[in-house]
Every structure is written in structure tokens, then in C-alpha cells.
Amino acid sequence: MRRAVARWFAVTISAVSVLCGVARAQSVTTYHAAANRSGHYVVEGLTWAKASGLHLEPNFAGQVDGNLYAQPLYWQDAQNNRRLIVATESNNVYAVDATTGKVVWQKLLGQRVALSSLPCGNVNPLGITGTPVIDDTQAAVYLDAMIDDTSGPQHYLFGLSLADGSILNGFPVNVANALKAAGQTFDPKVQNQRGALLIVNGMLFIPYGGHYGDCGAYHGWVLGMRLHDPATLAVWSTRALRGGIWAPDGIAFDGVSMFAATGNTIGATTWSDGEAVFRFGTDLSRQTSTRDFFAAQDWSYLDRNDLDLGGTGPVPVDVTDAEGTAYFVLALGKNGNAYLLSRSDLGGIGGALVIRNVSSDRIITAPAVWAGKDSTLVAIQGTFTGSCPEGQSGDLAVLSIQAHPPRLSTAWCTLTHGRGAPIVTTLRDGSNPIVWITGAEGDNLLHGFRGDNGAPLFRSEAMRGLRHFGTILAANGRLYVAADGRIYSFLP
């Protein structure tokens, strides 16, 4: 009985921390601050009034080797050492002092893959793209690296000690070989790994899609691996060809279930897992109930026109008002639609509670979620005109989700000139929400806006080397922006 109570208590505390979905003054171990991918960070003292005083730290070193698509992570150990964990497309992993920017340790994992070695793609060179994940209890970081070895491009899973970057026992794991031993065929040359990794209940989960250009016979995959026994695998893949899990936020976890979205399949005359949101348990067993999946009613049209639902990961959204709390999943598509789903019953084909076209162009970056008064707010990047309040337009919008009845509207829109992914910072009590986003591959500025009305609060000078889909890390009292060859640090 004592053991059962202890297990219940541990699971409950874990679930509560996930559902809070907020990173405070502690380690940031996963993409967008929490397993639910909220992108909500608490930064004490960073008020609307003080946001204009944000400044680039000129003496922050932050130099690394390689292009950066993955979000840096933040690790604070028992001795109060504060490190940024940075993984690059050159297959370099770094621990960087979070205050000075100086390199503490560096680990080269293997030869990066040249684009000329792949059938298609747009990342050159290709190494580590998906954001790693930290197991804070074991002081370890896990990641997928694309390595050009003697047999050609291969996906390898690594576990590294956060103390010094040394490789953990049982790693690296060649993904294709591990799946072959489990009776599965995985072609590493046509599969790419862009989505953030996730740890749930001692298991590591890794999503896979394809390369830009949709070449080859790839599938959407989710691979689960038990951390204390890397040979123990759980596997899920799309039945039809393609259907990649592309989104930078990868898989979301609400404390009970995991959720992922797939892109377009090819050659499917009946629905075969494309353009869909799935609920997973940790065993990744295929569920057939309509409670456990949603697919767009026009999935075949989306397939034919490369309008992936899986370009943005689904996010759990809780909305509390006077009638109680409602539990949703929000999915966003390249067709510009927002799909609001019931978390207890995803609804099967065409089963969304609300469908609203919010963007005239694709939505393909990760959103940021925070609680408002009687609604929950979601910041997204896209192209917004007709769905915005009168007189507003732009490429950053904040959606407002109400619960009773389920409704979705656009609270405000503004212009940032770029393709970054937003985050939100608040004070501990949830006040002073600020939406931060970079104008990646556009104006290359860091922008800050009031979360309640979109009023501009901050605009930096231009940075170099920002990559599309890139997001911001809030930790150690700072905002960190990853770019090719370096990390920028902004201090209030």
C-alpha cells in the first residue's frame, strides 16, 4: 500500500507540473518550457514597463560551431552551476555557461551529412535538428543525430552526461538497426528528425518525418525507447507512405496522454493516418476508437495539395471560466485552419468542435499558450488579414479560446517580418504577459508585444544567422536566441 501511494503521489505531482506548463527559475529540460509545449515562462521582474530596457549582453561569448535549428535547453545542477545545452547541425553538443557564454564542455558526435548525400532537403549540413531533451533526475541529455558513417547517412540516438558530455552506457543506438531487429524497415536516408524529443515515465519518444521536398518512401514514425534499457522499443508509424511528423514542437504530453499530428500521405484512397491528430499511450499501441484520433474531413484534398496538418504540433489547451474547466487540443494546419478538439474525444474524421480559418497562408511554427481572464490565449505565426480585428493585420496573431460553449476568435494581430516561433513570459501571478518572437529570415529582430492587446514593447537591433522556426529560451533571468554559430543573450 505504501508503494502504491508513493507511486500515485509521484505520478500526480508529475502530472501537475506538466499541466502547469510553466518554466520558472529552474531547469528548462524540454522544448517550449514544458512537456505540454506551452511556451509559457515565468520571468520575475520582466514587466511591461521594464521590457523596453531589455538589452543585448555585449560580453556574452556564446560562440559555437554549426547552424542552429534546435532550441537550447537550460540546466541548473545541485551546485547551482547554470548551463545552456546547445546542439548544432554540425553534430556538436555544448554545455555553455549561461551567464558568461563560455564553453564548459563540447562533444562532437560524428560526421555531419552533406545535402549532396541526400535525395532532397533544405538543411545543409544536416546533423542535429530536433530539440534534445534533458532527464534532470539522471543529469543526462538525449538527442537524435544524423551521421554520415561508413554505411552512409544514419540516424543515431545519443545519451550524454550533462557533467562532461561523455556518452552513456547503451548509446549510441543506430535507429535503422534497432528497428530492423524489431521487424521494422526504416530508411534513414529519406527520414528526417525535426520534432522535439520527449521523456515520459522513463521512456524517450522521438518523432520522424521526411526531408523538404517529400522525396522517397518515408513514413511518419514515433519511436519510444526505455532509458534504462535502450534495446526495449515501442513503435508507431503511418500505414500509408509519408504522413510525416514535422512540427518543431514534436509530441505534446498533458500529464495523461501524448499527442502528435501527421502531414500529407500519398496514394491513400481511404484514410490511412495522414492529416491527423493522434492520442498515444506510452506503449504506442494503435488505437482505433474515434476518441483517440482526429482527421480533417477534407484529408484527401489536403494530401493532394501538400497542406499538412502536421506542420504545427497539437497543443493541450485548458480553459477555465465560471462554469469550470474545459480540456481541448488545438491543431493548426498549413491550410490556415485552426481546429479545436475535445481532449477526451478527438472525434475521428471531421470531428472537430470548432474549425476556423485564421490565416491566409500556412501555419508551421509552434504556438505559445497562456491563461487569460475567462479564456486561454494562443500566439501563432502565419499571415493574418481578414480574421483580425478591424484595422489590424500581420504575421503574428493571438487567438482567444472560450469554453462554454467552445469558441475561437482572434484577439489581436501585428507585424514582425519573419518566421520565428513565439513564446510568452509572465510574472508569477500570470500578469504582464509579453509575447516574444524573432523575425527569423526576415528583419532578424527580437520583438516583444503586450499579450493582452499587441502593443509593441521592445524591438532589438538586427541579429545574424537566425533560422526559420527558431524559438526563444527564457531562463536565468534572460532571453536567449539561437543563431548560426552563436547564442545571443538579452538581459532586462
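Above this text sits the structure in question.
Each value, and the rule that gives it
- Residues numbered from 1 in each chain as written.
- Predicted model: local features only at pLDDT ≥ 70, side-chain atom pairs only at ≥ 80, totals over all residues.
- Heavy atoms only, no water.
- Helix = DSSP H or I, 4+ residues; strand = E, 2+ residues; numbered from the N terminus.
- Rg over C-alpha atoms; globule rule 2.2 N^0.38 Å.
- Buried < 20%, exposed > 50% of the residue type's maximum accessible area, 1.4 Å probe, protein only.
- Contact = heavy atoms within 4.5 Å.
- Disulfide = S-S within 2.5 Å.
- Pairing = 2+ DSSP bridges.
- Lys, Arg positive; Asp, Glu negative; His and termini not counted.
- Salt bridge = Lys/Arg side-chain N within 4 Å of Asp/Glu carboxyl O.
- Core = buried A, V, L, I, M, F, W, Y, C linked by side-chain atoms within 4.5 Å.
- Polar contact = N/O pair within 3.5 Å; in protein donor to acceptor, adjacent residues only side chain to side chain.

Caption draft 1: Spatial organisation of the overall build of the chain. The number of helices and strands found in the chain is 4 helices and 37 strands. Computed over its C-alpha atoms, the radius of gyration of the chain comes to 21 Å, within 12% of the 23 Å expected for a compact globule of 492 residues. Dimensions of the chain, computed from C-alpha atoms along their principal axes, come out at roughly 60 × 55 × 55 Å. Across the 492 residues that make up the chain, the buried fraction comes to 62%. Pairs at least 24 apart in sequence give 55% of the contacts found in the chain among residues at least 6 apart.

Caption draft 2: Inspection of the state of the cysteines at higher detail. Taken as a whole and judged by the stated rule, the model has 2 disulfides. Paired by a disulfide, C120 and C215 hold their sulfur atoms 2.0 Å apart. Of note, the bridge from C120 to C215 carries an S-S torsion of about -80° and is left-handed in sense. Note that C120 is positioned in the loop between strand 7 (103-108) and strand 8 (133-135) and C215 in the loop between strand 13 (203-208) and strand 14 (221-226), a separation of 95 residues in sequence.

Caption draft 3: Summary view of the pairing of strand 15 (residues 229-237). Pairing geometry for strand 14 and strand 15, over 6 bridges, is antiparallel. Note on strand 15: the bridge partner recorded for R226 is D229. In sequence, strand 14 turns back onto strand 15 through a hairpin of 2 residues.

Caption draft 4: Main features of the side chain of D135. Looking at the element boundaries, D135 is found in strand 8. Buried and unpaired, D135 has no salt bridge, with R226 as the nearest side chain of opposite charge at 11 Å. For D135, the contacting residues outside a window of four places in its chain are A140, Y142, I199 and L227.

Caption draft 5: Highlighting the nonpolar core. Core analysis: the biggest nonpolar cluster contains 37 residues, and L84, W436, L446 and F490 have the highest contact counts within it. When residues of this core are traced back to their parent elements, those giving at least two are strand 5 (82-87), strand 6 (92-97), strand 32 (434-438), strand 34 (456-459), strand 35 (472-475), strand 36 (478-483) and strand 37 (486-491). Here this core gets 5 residues from one element, more than from any other, and that element is strand 36.

Caption draft 6: Focus on the environment of E57. Relative to the assigned elements, E57 resides in the loop between strand 3 (55-56) and strand 4 (73-76). Taking relative accessible area as the criterion, E57 reaches 14% and is therefore assigned buried. Sequence-wise, E57 and T262 are 205 residues apart; in three dimensions their C-alpha atoms are separated by 40 Å. Beyond its immediate sequence surroundings of up to four residues, E57 is in contact with T99, R478, S489 and L491. Within polar-contact distance, the side chain of E57 engages the side chain of R478 at 2.7 Å.

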